[in-house]
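# Tertiary structure, described
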Amino acid sequence: MEVTSSLEFQAERESKYDRMSELKAFDDSKAGVKGLADAGVAKIPRIFIHDQKHNDSAGSSSSDHKFSIPTIDFEGIDEDAGQRAKIVEEIRDACEKWGFFQAVNHGIEVSLLDEMIDGVRRFHEQDYDVKKEFYTRDETKSVTYNTNFDFYQAGAANWRDTIYCVTAPCPPNPEELPEVCRDIMIDYSKEVIRLGLTIFELMSEALGLEPNHLKDMGCAEGLYVLGHYYPPCPEPDLTLGLSKHTDSGFLTVVLQDQTGGLQVLHQNQWVTVTPIPGSLVVNVGDMMQLISNDKFKSVFHRVLAKNVGPRISVASFFRTHFKQETTASPRLYGPIKELLSEEHPPIYRETTQKDFVTYIYSKGLDGTSGLGYFKL
């Protein structure tokens, strides 16, 4: 009898749960996940609860430290041909086997990195009435803030708020940027573009191409900078900071604070990326895997929710964003012809950056790669 009434109660709860209404009510508040944390919620709303089977189905967490992502030292890259060749080889190995590496001595001052983390913190922790003016889901705007770009597409929401900024090829007018992080957003973006151009040179050489090949293809034209804010979560085991996914662009450069939580899927194990002070995490995106014809790998990664925080990170995606195509006839990207042969025929069809990103946004972070859709 008790079991029956319990099941009836559960069924009644299920029937009263209107997910779309809850999503809309949360979104309309414009307070974000930080608003929940500030309110002192002891239990997370149901829209944030993930299916545990879905969370754990691919990969077990690696706690034995058998694996750690490669660290590459960029010191002396332009001064010594032998050192440059060594770094190119390390990048080739990392991009083929891991899809990730941590860059140290990369040329961006630690003080600038620290100020960028602080700038993102200032934005998310500023007065609600100022911050809410940026809250929107209009992807044509250069600067936006919201909770999860795929909030309405995803099966479960992630415990994370984000400020998004398109900084290249058409940067916003300075007055469009939030005052609390305006200057550092501009300065940091310039430095990341400079570093990105260097990494694209090294990746070109690692693919056996001329140093300017990827740059001349337009891989470094677009930059989309995301400032993530992961508030402390009262029930971190029930949700995620960022679901399992791959990145859509050519390359991503990630600045993270020392909180930790980023994990990479390697040989079916979730490997924690331990923060190294002053380092940047670099990873291959889907578009790079496509044009390299699977030579370089875009791999799954995620961010765990934690009961400490906030965790702050800045992900800079080298890709254009929707309206940011620079020519009337957008460039088509397919496998690079120099990498093809009878033994290595093309794996993917050609696509534009806009079409690729549109497809990713239509499906959200559903735990699958967007590359399958573009296979021949």
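Residues numbered from 1 in each chain as written. Predicted model: local features only at pLDDT ≥ 70, side-chain atom pairs only at ≥ 80, totals over all residues. Heavy atoms only, no water.

### Structural notes on the sheet that holds strand β3 (residues 100-104)
- Here we have 8 strands laid out as an open sheet, ordered β2-β3-β11-β8-β13-β6-β5-β4, and mixed in their pairing. Looking at the sheet topology across the chains shown, the edges are occupied by β2 (71-73) and β4 (143-146). Taking the axes of each pair of neighbouring strands and ignoring which way they run, one obtains an average angle of 25° across the sheet.
- Two elements, strand β5 (residues 161-168) and strand β6 (residues 223-230), share 7 bridges in a ladder whose sense is antiparallel. Within β6, the residue paired with Ala168 across the bridge is Leu223.
- On top of the sheet, helix α8 (residues 182-206) reaches β5, β6, β8 (251-256), β11 (280-284) and β13 (311-318); it is set at about 55° to β13, its chief contact. (Pairing = 2+ DSSP bridges. Helix = DSSP H or I, 4+ residues; strand = E, 2+ residues; numbered from the N terminus. Axes fitted to C-alpha atoms, helices over the stretch in contact; angles between N-to-C directions. Contact = heavy atoms within 4.5 Å.)

### Quick look at the confidence of the model for the protein
- Taken as a whole, the protein shows an average pLDDT of 92; of its residues, 91% reach a score of 70 or greater.
- Segment residues 6-13 is flagged for pLDDT under 50; beyond a separation of four residues in sequence, or across chains, it makes 1 contact in the model. (pLDDT = per-residue confidence, 0-100.)

### A short note on the environment of Gly227
- Relative to the helices and strands, Gly227 is located in strand β6.
- Setting aside anything within four residues of it in sequence, one finds Gly227 in contact with Val120, His124, Asp161, Thr162, Ile163 and Ser313.

### Digging into the pattern of salt bridges
- Taken as a whole, this structure holds 17 salt bridges when the rule is applied.
- One salt bridge in this structure joins Lys24 and Asp28, with 3.0 Å as the shortest N-O distance. Here Lys24 and its partner Asp28 are both found in helix α2 (residues 19-29), 4 residues apart, which amounts to about one turn of the helix.
- By relative accessible area, which is 46% here, Lys24 ends up partly exposed.
- Across the pair Arg84 and Asp78 runs a salt bridge, and its minimum N-O distance is 3.4 Å.
- The structure contains a network of salt bridges with shared partners spanning Asp78, Arg84, Glu201 and Glu205. (Salt bridge = Lys/Arg side-chain N within 4 Å of Asp/Glu carboxyl O. Buried < 20%, exposed > 50% of the residue type's maximum accessible area, 1.4 Å probe, protein only.)

### Let's talk about a negative patch on the surface
- A contiguous patch of negative charge on the surface is contributed by Asp73, Glu75, Glu79 and Asp80.
- Looking at the secondary structure, you find Glu79 in the loop between β2 and α5 (81-97).
- Residue classification places Glu79 among the exposed residues on the basis of a relative accessible area of 74%. (Patch = residues over 30% accessible without salt bridge, like charges linked within 9 Å, V, L, I, M, F, W, Y side chains within 5 Å. Areas by Shrake-Rupley, 256 points an atom, 1.4 Å probe, with all protein chains shown as cover. Lys, Arg positive; Asp, Glu negative; His and termini not counted. Charge placed at Lys NZ, Arg CZ, Asp CG, Glu CD.)

### Regarding the nonpolar core
- Judged by nonpolar contacts, the single largest core of 81 residues is most densely connected at Phe74, Ile91, Phe200, Met203 and Ile291.
- Setting aside residues no more than four positions away along its own chain, Phe200 makes contact with Pro211, Leu214, Cys219, Ala220, Phe250, Leu251, Met288 and Phe318.
- In this structure, Phe67, Trp98, Phe100 and Val281 belong to the second largest nonpolar core, which totals 25 residues. (Core = buried A, V, L, I, M, F, W, Y, C linked by side-chain atoms within 4.5 Å.)

### Observations concerning the packing of aromatic side chains
- Under the defined criterion, the tally for this structure stands at 17 aromatic pairs.
- Between the aromatic rings of Phe26 and Phe48, the centroid separation amounts to 5.5 Å while the plane-to-plane angle is 75°, which identifies the pairing as edge-to-face. Within this pair, whereas Phe26 is found in helix α2, its partner Phe48 is found in the loop between α3 (32-38) and α4 (52-56), the two being separated by 22 residues in sequence.
- On the basis of relative accessibility, which here comes to 0%, the residue Phe48 falls in the buried class.
- Between Tyr359 and Tyr373 the ring centres are 4.1 Å apart and the planes differ by 10°, which places this aromatic pair in the stacked class. With Tyr359 in helix α11 (residues 353-363) and Tyr373 in the segment after α11, the pair connects residues that are 14 residues apart, well separated along the chain.
- By relative accessible area, which is 22% here, Tyr359 ends up partly exposed.
- Taken together, the aromatic side chains of Phe26, Phe48, Phe151, Tyr152 and Trp159 make up a single cluster linked through ring pairs. (Phe/Tyr/Trp six-rings, centres within 6.5 Å; stacked < 30°, edge-to-face > 60°.)

### Describing empty space enclosed by the protein
- Counted by the stated rule, this structure contains 3 cavities of 30 Å³ or more.
- Space inside the largest cavity adds up to approximately 370 Å³.
- Along the walls of the largest cavity sit 28 residues, with His228, Leu242, His245, Asp247 and Phe317 positioned nearest its centre.
- Listed by contribution, the elements that provide at least two residues to the lining of the largest cavity are β5, β6, β7 (240-245), β8, β12 (301-304), β13 and α11.
- Residues of the lining of the largest cavity, tallied by class, amount to 15 nonpolar, 9 polar and 4 charged. (1 Å grid on protein atoms, 1.4 Å probe; cavity = no way out; pocket = protein on both sides within 12 Å on 5 of 7 lines; lining within 4 Å. Points joined across faces, edges and corners; volume = space filled by probe spheres on them. Nonpolar A, V, L, I, M, F, W, Y, C, P; charged D, E, K, R; others polar.)

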